[in-house]
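Here is what each chain is made of, one letter per residue.
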Amino acid sequence: MPPSRSTPMTTTAGTFLVTEADEASAILRGVEDGQLHTLSSNPDLEPGQVVEATLTAEPPMEVTWTAEIAERRTIDREHVDLEPTRRSAEVAAEQAVGELERFERAGEGEVHVLTVGEEEIETAVEDVLDDEATIERAARLGAVRVEIRTGEDFLSVRYLPK
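For clarity, every value in this text was computed on a predicted model and none was experimentally measured.

What counts, and where the lines are drawn
- Residues numbered from 1 in each chain as written.
- Predicted model: local features only at pLDDT ≥ 70, side-chain atom pairs only at ≥ 80, totals over all residues.
- Heavy atoms only, no water.
- Salt bridge = Lys/Arg side-chain N within 4 Å of Asp/Glu carboxyl O.
- Helix = DSSP H or I, 4+ residues; strand = E, 2+ residues; numbered from the N terminus.
- Buried < 20%, exposed > 50% of the residue type's maximum accessible area, 1.4 Å probe, protein only.
- Core = buried A, V, L, I, M, F, W, Y, C linked by side-chain atoms within 4.5 Å.
- Contact = heavy atoms within 4.5 Å.

Peer 1: Looking at this model, I keep getting lost on the pattern of salt bridges. Mind explaining?
Peer 2: For side chains of opposite charge, pairing can occur when their charged atoms come near one another. This structure, assessed with the given rule, holds eight salt bridges. The closest approach of N and O atoms between glutamate 132 and arginine 29, which form a salt bridge, is 2.6 Å. With glutamate 132 in helix α3 (residues 132-141) and arginine 29 in strand β2 (residues 26-30), this residue pair connects regions lying 103 residues apart in the sequence. In this structure glutamate 132 comes out as partly exposed when scored by relative accessible area, which is 32%. Connected through shared salt-bridge partners, Glu78, Arg145, Glu147, Arg149 and Arg158 make up one network.

Okay, here's the thing in structure tokens:
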């Protein structure tokens, strides 16, 4: 009798964005690598949630995954009626329209300053609020809240920590 051969299970652990979910399955995208993982069942996940999880590929073909969820959260995103910080205004004043500058917040988190035309402010705010990349970036940075402040011709997108 030949010796038995066992294939080691493929696992991956990290932070994932739930991009799609229904009663039967869910699709997760790694926030670090962008890799998509289709779960063979849905452990009560909803699109837009961020999860810390360990995924295990299901044999024999390893095309679907099971998930052991360690933590789940949503990223709050809102446009607030507060003035951008002086630093954000100074950064925006030195940028051309369409440019983006990133810097660390005092303490934890990150700020992105995006200059846009004055007439594009509201559209830009909506785009940032609706963009999955905003959620992924927040998850990658360990943020639980994204706050958008607006100046005359720029956005200050603040990724705020736990």
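Once you've had a look at it, read on.
Peer 1: Explain the nonpolar core to me, please; I cannot follow it from the model alone.
Peer 2: Side chains that are nonpolar tend, in soluble globular proteins, to be buried together. Grouped together as the largest cluster of nonpolar side chains are 19 residues, with contacts concentrated most on Ile148, Leu155 and Val157. Those elements giving two or more residues to this core turn out to be α2 (121-130), α3, β9 (143-150) and β10 (154-161). Ranked by residue count, the leading element in this core is α2, at five residues. The contacts of valine 157, once residues within four sequence positions are left out, are Glu110, Val111, His112, Val128, Val146, Glu147 and Ile148. Judged by nonpolar contacts, the second largest core, of eleven residues, contains Val18, Ala26, Leu39 and Ala57.

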